[in-house]
Structure formats: structure tokens, C-alpha cells
Amino acid sequence: MFQLQTEIEGKRAYFGTVRDIFHSYGCSFCSNFDYEQGKFDALLWRDRGESIYLRVPIHVLDGALDHPSALIEFGKPFVIKHVVNFGLDHDENSFLTATTGLDQFQTPLDNDDYIHDKSRWAKAGEETIQQVYRSINGLLVS
């Protein structure tokens, strides 16, 4: 994992206003959130079980993250690499895993693996953030 230096950090906006804009640039709102913080993720690269993501953390300043009017502040974006475990887990989800070949609840082998060619992924992440930032700039709250 490594952090990016971008203009979006510390900026504030309403969640419902920026969620669709992030989505239009390939950033999905992660379902793994609580009502006070969450993150937008963009898949930058995937090959077999390895994936590199751009991640933009958000923190709620007013309201709750399940409501479009929640006032959020963007944290420091970063790039992270996950390595997925395609093996079988022998637990209550084993039947699903055996039939589909993928267990969505299985822990990654490494959720912060070493990233080769960091400059490439830094550039890709910074470009994505720059595009999103240009689109939301007029919607930011002082």
C-alpha cells in the first residue's frame, strides 16, 4: 500500500451528490462501511487472483453514511494490492465454494501485497482522482 498526494484530501461534499460521479469514473462505494466512514474503490488492474485498487476513504462529518445528505470529508487516497485465495476453506461455506469456485467471504491471502512498478499505479490513481476532482469541484462544501 502507498498513499497518493492529491487535491481531494480534506475536501467536503454531500455523499449523495458525489457518489454517482465517483461511480461514473469506475469507483464503487464499498459495501463494507459503517455509518461514520467508508471508501470508494476503483479497480486499476486484475490478473487472476491479484488486484490493484485505488481507494479513497471518506469520513462522515454530519449525518449517517446511509443517507445522501451526509456531509463527508475525503481522506488521503491510496493504492493497495489484494491477492485472493482461490483454495477451499473447509467450513460452513465450503459447499458454495466447491460449486462456484469462489468464496466471497474468504479472507485474501494478502490484503496488502507488494506492488511492483509503483510509479505506474501512482500515475493511474492520481489521474483517476484528478478526473473525479474536476467533476466534483463545483459541488464541494466550504
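These figures come from a predicted structure and were not determined experimentally.

Trainee: Which parts of the structure should I look at to understand the nonpolar core?
Mentor: Generally speaking, soluble globular proteins have nonpolar side chains that are buried together. Counting 28 residues, the largest nonpolar core has Phe 22, Phe 40, Ile 72, Phe 74 and Ile 136 as the members making the most contacts within it. At the level of elements, helix 1 (15-24), strand 4 (37-47), strand 5 (50-62), strand 6 (71-74) and helix 3 (118-136) are the ones that each hand at least two residues to this core. Of all the elements, helix 3 adds the most residues to this core, at six residues.

Trainee: Teacher, can you tell me more about the packing of aromatic side chains here?
Mentor: The description of an aromatic ring pair rests on the distance of the ring centres and on the angle between the ring planes. Counting across every chain of the model gives six aromatic pairs. Considering the side-chain rings of Phe 22 and Phe 40, the 4.1 Å spacing of their centres and the 10 degrees angle between planes classify their relative orientation as stacked. Here Phe 22 is found in helix 1, whereas its partner Phe 40 is found in strand 4, with 18 residues between them in sequence. Note on accessibility: Phe 22 and Phe 40 belong to one class, buried. Of the aromatic side chains, those joined through ring pairs into one cluster are Phe 15, Phe 22, Phe 29, Phe 40 and Phe 74.

Trainee: Just checking my understanding: could you explain the packing of helix 1 against helix 3 for this structure?
Mentor: What describes two packed helices is the angle between their axes and the distance between those same axes. The geometry of helix 1 relative to helix 3 is characterised by a closest axis approach of 10 Å and an angle of 140 degrees between their N-to-C directions. With respect to each other, helix 1 and helix 3 are oriented oblique. The hand of the helix 1/helix 3 crossing is right-handed. Taken together, the residues of helix 3 that come into contact with helix 1 (itself represented by Val 18, Ile 21 and Phe 22) are Val 132, Ser 135 and Ile 136. Along the lines of polarity and charge, the residues of the contact of helix 1 with helix 3 split into five nonpolar, one polar and no charged.

Trainee: Would you mind going over the pairing of strand 7 (residues 78-83) with me for this structure?
Mentor: Each regular strand carries side chains that alternate between the two faces of the sheet. In terms of burial, strand 7 is largely enclosed, as six of its six residues are buried. Residues Phe 78, Ile 80 and His 82 point to one face of strand 7 and Val 79, Lys 81 and Val 83 to the other, with burial holding for every one of them. Bridge count between strand 1 (residues 2-3) and strand 7: two bridges; the pairing is antiparallel. What sits directly across from Phe 2, in strand 7, is Val 79. Both strand 5 and strand 7 contribute to a ladder of six bridges, which runs antiparallel. Bridge assignment links Tyr 53 to a residue of strand 7, and that residue is Ile 80.

Rules of the game
- Numbering of residues starts from 1 in every chain and runs along the sequence as written.
- Reporting in this predicted model follows two pLDDT cut-offs: at least 70 for local features of residues, and 80 or more for side-chain atom pairs to be given and counted; totals over whole chains, interfaces and linings ignore these cut-offs and use all residues.
- Derived side-chain values reflect all non-hydrogen atoms in the structure, with water molecules and hydrogen atoms excluded from consideration.
- The term nonpolar core refers to a set of buried residues drawn from Ala, Val, Leu, Ile, Met, Phe, Trp, Tyr and Cys, joined through side-chain atoms within 4.5 Å.
- To sort residues, take the accessible area from a 1.4 Å probe on protein chains only and compare it with the maximum for the residue type: under 20% means buried, over 50% means exposed, and anything in between is partly exposed.
- Put simply, DSSP marks the helices as runs of H or I at least four residues long and the strands as runs of E at least two long, and each gets a number from the N terminus on.
- We call Phe, Tyr and Trp rings a pair once their centres come within 6.5 Å, taking the six-membered ring for Trp, and we label the pair stacked below 30 degrees between planes, edge-to-face above 60, and tilted otherwise.
- Lines are fitted to the C-alpha atoms to define the axes, a helix being fitted only along its stretch in contact, and any angle between axes, read from their N-to-C directions, falls within 0 to 180 degrees.
- An angle below 35 degrees is treated as roughly parallel, one above 145 as roughly antiparallel, one from 65 to 115 as roughly perpendicular, and anything else as oblique.
- Handedness of a crossing is defined here by the sense of rotation of the near helix relative to the far one, left-handed for an anticlockwise turn of less than a right angle and right-handed for a clockwise turn.
- Note on contacts: a residue pair is in contact if any heavy atoms of the two residues lie within 4.5 Å.
- Three categories are distinguished: nonpolar for Ala, Val, Leu, Ile, Met, Phe, Trp, Tyr, Cys and Pro, charged for Asp, Glu, Lys and Arg, and polar for the others, with Gly belonging to the last.
- Any two strands with at least two DSSP bridges between them are considered paired.

Bear in mind that shape data such as this cannot, by itself, settle questions of function.
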